[in-house]
Amino acid sequence: MARPTASLHTARAPWAWALLGALLGALLTLALFAPAQWLADRIAQASAGQVQLAQARGTLWNGSAQLLLTGGAASQDRAALPGRIAWQLRPTWRGLRAQLHAACCTTSPLHLQAQVRLRWGGARITLADSQSQWPAAVLAGLGTPWNTLQPQGQLVLHTIGLQADWAAGRMVLTGQAQLDALAMSSRLSTVAPMGSYRLALQGGEVPTLTLQTLEGSLQLSGSGQWVGQRLRFSGEASAAPERQAALANLLNIIGRRSGARSLITLG
């Protein structure tokens, strides 16, 4: 009786290996040619619908889409970045390498590298030094308060050695990021432009954030730091004496009025 059983197993073995090979081939094909819509769905889910990749084309690894910012799933607010953005994703031995290009806003592709360190249960994200310029109007898509402010101007972002490490539920940020908001205006004021401003992020054991006015009739200043995973920020806004009436509505929206100043508090 043993011989027929052995023969039966021997006969079945090629079919088993063929089936396994077909399954592995299907999985590999699926991974290589996964549609770009998969990435769009994951980003929308992770951002609670506030960042969306519309009209996604191509694959997960080489694709393009139109970037939309929204106020969330129940919001009617949305704004699109001009043109399309394109991306490339490449797996590495230690994680993932990404390249992002937006014809409207990046003179050269932005490079992002994510490393997953399974041994320590952590992750690292590194952004190559870069400069990009984005239209401030797209912020209106995020809903309150941006839909009320309706900002206009240019946002110039610089990053130097920016890196985020996660381990044991804690994030450590190193490097610097600087966002210059240039020639800003708002539908709440007839003053155009109101001014230019700089928001600077400095990494370290306790990352800090500072806000300053570069020029303009609307004066903004403030500073803050991350305590745990929360940002605590305090600042103030005021208007040049000859522009107080024209900027009054905007100052009422920005923060809590205290005489001629508007106090800004977060966290």
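Please refer to the structure placed before this passage.
Student: In this structure, what is going on with helix 4 (residues 244–254)? I would like to understand it.
Tutor: Since the α-helix packs 3.6 residues into each turn, any two residues three or four apart lie on the same face. Those residues of helix 4 not exposed but buried are L247, L250 and L251. Taken down its axis, helix 4 places every buried residue within 110 degrees of arc, on the same side. In this structure, helix 4 carries A245 and N249 as exposed residues pointing more than 90 degrees from its buried face. Those residues of helix 4 that are buried lie in contact with helix 3 (146–149), strand 13 (218–227), strand 14 (230–239), strand 15 (256–258) and strand 16 (261–266).

Student: Help me understand the pairing of strand 5 (residues 95–102), please; the structure alone is not making it clear to me.
Tutor: One ladder, built from 8 bridges, connects strand 4 (residues 85–92) with strand 5; its direction is antiparallel. The residue of strand 5 that forms the bridge with R90 is R97.

Student: Please explain the nonpolar core as it appears in this structure.
Tutor: Nonpolar side chains in soluble globular proteins tend to be buried together. In this structure, L53 and L218 are the most contacted members of the largest nonpolar core, which totals 42 residues. A total of 4 residues in this core trace back to one element, the largest contributor, which is strand 10 (residues 170–185). The contact partners of L218, leaving out residues within four places of it in the chain, are M194, Y197, T213, S238, L247, L250, L251 and I254.

Student: I would appreciate a short explanation of the pairing of strand 2 (residues 62–70) in the present structure.
Tutor: Put simply, side chains in a regular strand alternate between the two faces of the sheet. Within strand 2, 7 of the 9 residues are buried, which leaves the element mostly enclosed by the surrounding structure. Relative to strand 2, strand 1 (residues 51–58) runs antiparallel, the two sharing 6 bridges. In the sheet register, A54 faces strand 2, and the bridge partner there is Q66. Between strand 1 and strand 2, which pair antiparallel in sequence order, lie 3 residues.

Student: Sorry, what's going on with the state of the cysteines here?
Tutor: Each disulfide is one covalent bond, formed between the sulfur atoms of two cysteines. Within the structure shown, the criterion is met by 1 disulfide. A disulfide bridge connects C104 with C105, and the sulfur atoms are separated by 2.3 Å. When the S-S torsion is -85 degrees, as for the bridge of C104 with C105, the disulfide is left-handed. For C104, a relative accessible area of 35% translates into the label partly exposed.

Student: Quick question: what am I supposed to make of the environment of L201 here?
Tutor: In this fold, L201 is placed in strand 11 (residues 195–204). Taking relative accessible area as the criterion, L201 reaches 18% and is therefore assigned buried. In this structure, L201 is in contact with L173, G175, Q176, A177, P207, T208, L209 and W226, ignoring residues within four places of it in sequence.

Student: Could you clarify how one ought to interpret the pattern of salt bridges in this entry?
Tutor: A side chain of one charge can pair with a side chain of the opposite charge if their charged atoms are brought near each other. Enumeration over the complete set of coordinates arrives at 3 salt bridges. A salt bridge links R124 to D165; its shortest N-O distance comes to 2.7 Å. One end of the pair, R124, is in strand 7 (residues 122–127); the other, D165, is in strand 9 (residues 152–167), with 41 residues separating them in the sequence. A salt bridge links D180 to R198; the nearest nitrogen and oxygen atoms lie 2.7 Å apart. Note that D180 is positioned in strand 10 and R198 in strand 11, a separation of 18 residues in sequence. The class for D180 is buried, based on a relative accessible area of 8%. The class for R198 is partly exposed, based on a relative accessible area of 25%.

Conventions adopted
Residues numbered from 1 in each chain as written. Predicted model: local features only at pLDDT ≥ 70, side-chain atom pairs only at ≥ 80, totals over all residues. Heavy atoms only, no water. Buried < 20%, exposed > 50% of the residue type's maximum accessible area, 1.4 Å probe, protein only. Helix = DSSP H or I, 4+ residues; strand = E, 2+ residues; numbered from the N terminus. Arc of directions from axis to C-beta. Contact = heavy atoms within 4.5 Å. Pairing = 2+ DSSP bridges. Core = buried A, V, L, I, M, F, W, Y, C linked by side-chain atoms within 4.5 Å. Disulfide = S-S within 2.5 Å. Salt bridge = Lys/Arg side-chain N within 4 Å of Asp/Glu carboxyl O.

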